Amino acid sequence: MNEIVRAIGNVFLKMPKGFVVTLRHFFKKPVTIEYPKKKKPMAPRYKGRHYLERYDDGTERCVCCGLCAAACPSDCIYMEPEENEKGERFAKVYEINQIRCIYCGFCEEACPEEAIFLGHEYEFSSPDLNSFIMTKDKMLVAHPRKENPFKKLIRKARKVYGTVDK
Amino acid sequence: MSNVSKTVTLNMGPQHPSTHGVLRVVLELDGETVVKAEPVLGYLHTGIEKTMEDKLYYKAIPCTDRMDYLAPMSNNLGFCLAVEKLMEIDIPEKVQWVRVCLAELTRINSHLVWLGTHALDLGAMSMLLYAFRDRESIMDMYEAVGGQRMMTTYIRIGGLAQDIPKDFDKGIRKVIKTIKAGLVDYETLLTNNEIFINRTKGVGVLSAEEAINLSLSGPLLRGSGVNQDLRKANPYSSYEKFDFEVPLGKNGDAYDRYLIRIEEIKQSMRIMEQALDGMPEGPYRAHVPGIVLPPKEDILYKMESMIFHFKIITEGFKTPVGAVYQAIESGKGEIGFFISADGTNKPHRVRVRPPSFINLAALPKMCEGNMFADVVCAIGSIDIVLGEVDR
């Protein structure tokens, strides 16, 4: 008998407290956002799709040293170097396989020229497998720049060396 | 009729929603009573331990994120501490405190997901929504600190990936405020809930002796009343400087484990507040040339740093010959990393002591002889992540 009284007491005294909690949320502002219409701003350090930086004069920062490819835990970076007429190295081919990439940011951390960064773009699903191979023309930021860089650069000025005689 | 068997064999999983992943439990039922319960593993085997042997030490850190994906920072911390022990690196005090703060944040993250899913298994739908709502604040903090919401890879050998952001203190305090407000909701909904108590009290009982014999750890062991917490028993990363209590259970049932995890969330917040109040100043990486990467500012302007940077990234560092074991207390229990080093730049063997896997061994003991409907509650109360069980 006591057991039954206790159970009834619980149902009528303690359970309504729980209902009050759920009912209170009925009047609160929703915590969700309507995703494709509204977007959440990403944190400054967010690691999304890669982009390649340029100097202010439009030359590419990447010198194709291969350190990003060496640091990559999933081996998704492929590059081929070449020299221009001044004798400066640049990447003729620079490809990132976005399906292999795990977005750990080791390439960004390894880069001694501050050339590669992981940006804030995260919507890159596609039905075409080949479109996931990011080539250089897809990654290089536009010159002159249309939008502000996602991440701050430590070294802004370009080092100018003498031209190499050939 | 002679060909009628008395028991029925039932496959629970691998696609059952309340097995928290791809666990398959082969149940032998006599009516509604479980005669035998056998967990079948391996559906999510990814060979993480083997992959780590093929990578340089610093490249193996992202692998650890992907084991227990609800507690990435704890896994990072365990592996990095093991390597630091092997290389005998002294860690700056600030780094240790930040690591403690993040490890406790991870514990809350892990417990919140457990709370939501466990309550959902028992029929409390709104708990899942509330737990994930509050977990979002932790995910935002991860994103602000490490740049990723789940696979953070923020803790590195010898320090941290980057210095903590400027609003670290403010962000963590905001998280604590959110969780504190959330805890009121959880406790009102569950702690005195007649249905929840009926479903969890006296379910999956393990005595202290059984728990020790099964070498359990974490809330499962402490729920049975055994006072064993590595943060107290074997302090790492300056845990000895923090003041907190280890909650203990009495009956060793699912309800006690629930109470312990709720109390652990509160204690974690206490530790985090202490860590923020007394956060020391200092560098975010140890200065050990040739082993720990120099800061990025130095690489761009100093030749020597640049050389070390190139050497570490391309070749890694050579370790002494030997073996180390370092265990930490993650949200699920003792996660330990055993590294056997052969003097090269890659580990010869990495063995992980996964808490989920060893705690899962208690499932037959918890289920056998009990009702079939309580299997779901028993699995839930173990708190398994199949990514860690199968590795």
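Residue numbers restart at each chain and count upward from 1, following the sequence in its written direction. Here the convention is simple: chains get letters from A, ligands get numbers from 1, in the order in which they are written. Restriction of local features to residues with pLDDT of at least 70 applies here, the model being predicted, together with a cutoff of 80 or more for giving and counting side-chain atom pairs; totals for whole chains, interfaces and linings are based on all residues. Side-chain metrics rest on all non-hydrogen atoms present in the structure, leaving aside hydrogens and water.

Visitor: Residues and numbers for the overall build of chain B, please.
Guide: When you go through chain B residue by residue, the secondary structure sums to 17 helices and eight strands. In terms of overall dimensions, chain B has C-alpha extents of about 85 × 45 × 35 Å along its principal axes. Each residue is assigned to one of three classes by its accessible area relative to the maximum for its type, calculated with a 1.4 Å probe on protein chains only: buried under 20%, partly exposed between the two thresholds, exposed over 50%. Evaluated residue by residue, chain B yields a buried proportion of 61% over its 391 residues. Charged-residue counts in this description rest on Lys and Arg as positive and Asp and Glu as negative, His and the chain ends being excluded. Charged groups are reduced to one reference atom each: NZ for lysine, CZ for arginine, CG for aspartic acid, CD for glutamic acid. When the 44 positive and 50 negative side-chain charges of chain B are each reduced to one mean point, those points stand 3 Å apart. Labels follow the DSSP assignment, with helices taken as runs of H or I lasting at least four residues and strands as runs of E lasting at least two, numbered in each case from the N terminus.

Visitor: How would you sum up the nonpolar core? Please name residues and give values.
Guide: Counting residues in hydrophobic clusters, the biggest one holds 99 residues, and the most contacted among them are B:Leu105, B:Ile157, B:Phe168, B:Ile172, B:Ile179 and B:Phe337. The biggest single contributor to this core is helix H4 (residues 93-121) of chain B, with 13 residues. By nonpolar core we mean a set of buried residues, namely Ala, Val, Leu, Ile, Met, Phe, Trp, Tyr and Cys, connected to one another through side-chain atoms within 4.5 Å.

Visitor: Let's hear about empty space enclosed by the protein: which residues, and what values?
Guide: Two kinds of site are reported from a 1 Å grid over the protein atoms alone, namely cavities, where a 1.4 Å probe fits but cannot get out, and pockets, open sets with protein on both sides within 12 Å along at least five of seven lines, and residues are called lining when an atom falls within 4 Å of a point. Grid points are joined across faces, edges and corners, and a volume is the space filled by probe spheres set on the points. Inspection of the entire model under this criterion finds three cavities of 30 Å³ or more. As a volume, the largest cavity reaches approximately 170 Å³. Put simply, the parts of the chain that give the lining of the largest cavity at least two residues each are helix H3 (106-110) of chain A together with helix H13 (303-315) of chain B. Element by element, the count of residues in the lining of the largest cavity is highest for H3(A), at three residues.

Visitor: Requested: an account of the pattern of salt bridges, with residues and values cited.
Guide: Residues and elements named next belong to chain B. We define a salt bridge as a side-chain nitrogen of Lys or Arg found within 4 Å of a carboxyl oxygen belonging to Asp or Glu. For the structure shown, the criterion picks out 39 salt bridges over all chains. In this structure, Arg-231 and Asp-229 form a salt bridge, with 2.9 Å as the shortest nitrogen-oxygen distance. Residue classification places Arg-231 among the buried residues on the basis of a relative accessible area of 3%. The salt bridge involving Lys-302 is made with Asp-298; its shortest N-O contact spans 3.7 Å. Overall, Asp-298 belongs to the partly exposed group, its relative accessible area being 23%. Within this structure, Glu-104, Arg-107, Arg-222, Asp-229, Arg-231, Glu-264 and Glu-329 form a network of salt bridges that share partners.

Visitor: Which residues make up the environment of B:Glu368, and what values do they have?
Guide: Residue and element names in this part refer to chain B. With respect to the helices and strands, Glu-368 occurs in the loop between helix H15 (363-367) and helix H16 (374-382). For the pair Glu-368 and Leu-29, spaced 339 residues apart in sequence, the C-alpha separation works out to 9.6 Å. When checking whether two residues touch, look at their non-hydrogen atoms; a contact exists if any pair is within 4.5 Å. When residues no more than four places from it in sequence are discounted, the contact partners of Glu-368 are Val-34, Val-35, Lys-36 and Ala-37.

Visitor: Account for the sheet that holds strand S8 (residues 347-353) of chain B, naming residues and giving values.
Guide: All names here are of chain B. Paired strands, in this sense, are two strands between which DSSP finds at least two bridges. Judged by pairing direction, the sheet is antiparallel, and its three strands sit side by side in the order S6-S7-S8 without closing on themselves. Looking at strand neighbours, the two that pair on one side only are strand S6 (321-329) and S8, the edges of this open sheet. Taking each pair of neighbouring strands and ignoring which way they run, the sheet shows an average axis angle of 10 degrees. Bridge count between strand S7 (residues 334-342) and S8: six bridges; the pairing is antiparallel. Lines are fitted to the C-alpha atoms to define the axes, a helix being fitted only along its stretch in contact, and any angle between axes, read from their N-to-C directions, falls within 0 to 180 degrees.

Visitor: An account of helix H1 (residues 2-26) of chain A is requested, with residue identities and associated values reported.
Guide: Since the α-helix packs 3.6 residues into each turn, any two residues three or four apart lie on the same face. What a helix should span is 1.5 Å times the count of its residues minus one. Its 25 residues give H1(A) an end-to-end C-alpha distance of 36 Å, which sits within 8% of 36 Å, the value for a rise of 1.5 Å per residue. The largest bend along H1(A) reaches roughly 30 degrees and is located at A:Asn10. For H1(A), the complete set of buried residues consists of A:Asn10, A:Met15, A:Gly18, A:Val21 and A:His25. At its buried positions, H1(A) is contacted by helix H5 (125-146), helix H6 (168-190) and helix H7 (194-200) of chain B. A residue's bend is simply the angle between two axes: one fitted to the seven residues ending at it, one to the seven starting at it.

Visitor: Can you lay out H13(B) for me, pointing to particular residues and giving the numbers?
Guide: The first and last C-alpha atoms of H13(B) sit 18 Å apart over 13 residues, in line with the 18 Å expected at 1.5 Å per residue. Among all positions of H13(B), only B:Ser305, B:His309, B:Ile312 and B:Ile313 are buried. Within H13(B), the buried residues cover an arc of 90 degrees as seen down the axis, which keeps them to one side. Along H13(B), the residues that are exposed and aim more than 90 degrees away from the buried face are B:Met303 and B:Glu304. Buried residues in H13(B) make contact with helix H2 (67-71) and H3 of chain A together with helix H12 (296-301) of chain B. Trailing H13(B) by a residue or two, B:Gly316 shows a phi angle of about 75 degrees, which is positive. Directions pointing from the helix axis toward each C-beta atom define the arc.

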